[in-house]
Amino acid sequence: MFEKILVATDGSDHAGRAVKVAGDLAARYNSQLEVVHVTRAWTSMLDIRDRVAKGKFPDEVLSEIRNLQHLLKQSQRSPIARQWDAYIPAPEAAIQVISQEILSEAVKEAEAHGAKSVESKVLRGDAAEELVDYVRRDGFDLIVMGTRGLSGMKEIMLGSVSQKVLHAAACPCLTVK
């Protein structure tokens, strides 16, 4: 029924539950499973702040991050510059390390739930657009993804990634709470 399943992950709890369900489905249907993480085309230091606090980075990447953090700290003495970390691009190497960490954790979880053939891929750009295009190009039979509600005006104006994918995808979609 489902020969190729794509599961999207951003490392969140909702995505983690989706990975478990996808792993179980892949095992039941003997499906190929692909775990996909989409990074934004532009990622700021603010976007990676939590991962930097917890993460393990190679020394050269950590050095680059620390240099940027030092510059940001120096600039934040000015009231005008307090939110500059939202406008400073994160080092590409840090984004790659974070993406690989997210994928590695998801692949292990999918395999722990029975998936036998698991691959992973990083895409870059708008998450909904990239997922829909990738599914269409590579002929997936099912998309599994977590739901994560945005609040207030942001949800009304933007909608969630899962909502956009549900509306645009050419194959069945399963959202997991």
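Below: a short report on this structure.

Reading the values: rules and limits
- Residues numbered from 1 in each chain as written.
- Predicted model: local features only at pLDDT ≥ 70, side-chain atom pairs only at ≥ 80, totals over all residues.
- Heavy atoms only, no water.
- Axes fitted to C-alpha atoms, helices over the stretch in contact; angles between N-to-C directions.
- Helix = DSSP H or I, 4+ residues; strand = E, 2+ residues; numbered from the N terminus.
- Left-handed = near helix turned anticlockwise from the far one by under 90°.
- Contact = heavy atoms within 4.5 Å.
- Nonpolar A, V, L, I, M, F, W, Y, C, P; charged D, E, K, R; others polar.
- Buried < 20%, exposed > 50% of the residue type's maximum accessible area, 1.4 Å probe, protein only.
- Core = buried A, V, L, I, M, F, W, Y, C linked by side-chain atoms within 4.5 Å.
- Polar contact = N/O pair within 3.5 Å; in protein donor to acceptor, adjacent residues only side chain to side chain.
- Pairing = 2+ DSSP bridges.
- 1 Å grid on protein atoms, 1.4 Å probe; cavity = no way out; pocket = protein on both sides within 12 Å on 5 of 7 lines; lining within 4 Å.
- Points joined across faces, edges and corners; volume = space filled by probe spheres on them.

1. Brief notes about the packing of helix α5 (residues 127-138) against helix α7 (residues 161-168)
And step 1. The geometry of α5 relative to α7 is characterised by a closest axis approach of 9 Å and an angle of 35° between their N-to-C directions. Our pair here, α5 against α7, has a crossing hand that is right-handed. Contact residues: Ala 127, Ala 128, Leu 131, Val 132 and Arg 136 in α5; Val 161, Lys 164, Val 165 and Ala 168 in α7.
And step 2. In terms of residue class, the contact of α5 with α7 is made up of seven nonpolar, no polar and two charged.

2. Thoughts on the side chain of Thr 9
And step 1. In this fold, Thr 9 is placed in the loop between β1 (4-8) and α1 (13-29).
And step 2. For Thr 9, a relative accessible area of 7% corresponds to the buried category.
And step 3. Setting aside chain neighbours within four positions, we find Thr 9 in contact with Ala 15, Val 19, Val 35, Val 36, His 37, Val 38, Ile 102, Leu 103 and Ala 106.

3. Let's talk about the nonpolar core
And step 1. Within the largest apolar cluster, 19 residues are counted, with the highest numbers of intra-cluster contacts made by Ile 5, Val 7, Leu 33, Val 35, Val 118 and Val 144.
And step 2. Within the residue set of this core, elements represented by two or more residues are β1, α1, β2 (32-39), α4 (92-112) and β4 (142-146).
And step 3. The biggest single contributor to this core is α1, with five residues.
And step 4. If sequence neighbours within four positions are ignored, Val 35 has contacts with Val 7, Thr 9, Leu 103, Ala 106, Val 107, Val 118, Glu 119, Ser 120 and Lys 121.

4. With respect to the side chain of Glu 34
And step 1. For Glu 34, the location among the structural elements is in strand β2.
And step 2. Within the structure, Glu 34 has its side chain in polar contact with the side chain of Tyr 134 (distance 2.7 Å).
And step 3. Beyond its immediate stretch of four places on either side in the chain, Glu 34 contacts Ile 5, Leu 6, Val 7, Glu 119, Ser 120, Lys 121, Tyr 134 and Phe 140.

5. Re the sheet that holds strand β5 (residues 173-176)
And step 1. The strand order β3-β2-β1-β4-β5 describes an open sheet built from five strands, whose pairing is parallel. The open sheet is flanked by β3 (117-124) and β5, the only strands paired with a single partner. Sheet twist, expressed as the average angle between the axes of neighbouring strands with direction ignored, equals 20°.
And step 2. Bridging between β1 and β4 involves three bridges; their strand directions are parallel. Looking at β4, one finds that Val 7 is bridged to Val 144.
And step 3. Along the sheet, α5 contacts β1, β2, β3 and β4; its crossing angle with β2, the most-contacted strand, is approximately 150°.
And step 4. Against the sheet, α7 contacts β4 and β5, and its axis sits at roughly 165° relative to β4.

6. A few points about the environment of Pro 91
And step 1. Position of Pro 91 relative to the elements: it lies in the loop between α3 (59-75) and α4.
And step 2. Distance in space between the C-alpha atoms of Pro 91 and Ile 48 is 9.8 Å, their sequence separation being 43 residues.
And step 3. Residues in contact with Pro 91, not counting those within four places in the same chain, are Met 45, Ile 48, Glu 64, Ile 65 and Leu 68.

7. A few points about the environment of His 37
And step 1. Structurally, His 37 can be placed in strand β2.
And step 2. Among the residues examined, His 37 registers a relative accessible area of 7% and is labelled buried.
And step 3. Along the chain, His 37 and Leu 103 lie 66 residues apart, while their C-alpha atoms are 6.8 Å from each other.
And step 4. In this structure, His 37 is in contact with Thr 9, Asp 10, Ser 99, Ile 102, Leu 103, Lys 121, Val 122 and Leu 123, ignoring residues within four places of it in sequence.
And step 5. One polar contact links the side chain of His 37 to the main-chain carbonyl oxygen of Thr 9, over a distance of 2.9 Å.

8. Details of the layout of surface pockets
And step 1. In this structure, the largest pocket spans a volume of roughly 1400 Å³.
And step 2. Breaking the lining of the largest pocket down by element, the ones donating at least two residues are α1, β2, α2 (45-54), α4, α5, β4, α6 (152-158) and α7.
And step 3. When grouped by side-chain class, the residues that make up the lining of the largest pocket number 16 nonpolar, 14 polar and eleven charged.
And step 4. A volume near 190 Å³ is recorded for the second largest pocket.
And step 5. Around the second largest pocket sit Thr 9, Gly 11, Ser 12, Asp 13, Ala 15, Gly 16, Val 19, Lys 20, Ile 102, Glu 105, Ala 106 and Glu 109, which together line it.
And step 6. Taken together, the elements giving at least two residues each to the lining of the second largest pocket come down to α1 and α4.
And step 7. Of the residues forming the lining of the second largest pocket, the biggest block, five residues, is contributed by α1.
And step 8. Residues belonging to the lining of the second largest pocket are distributed by class as follows: four nonpolar, four polar and four charged.

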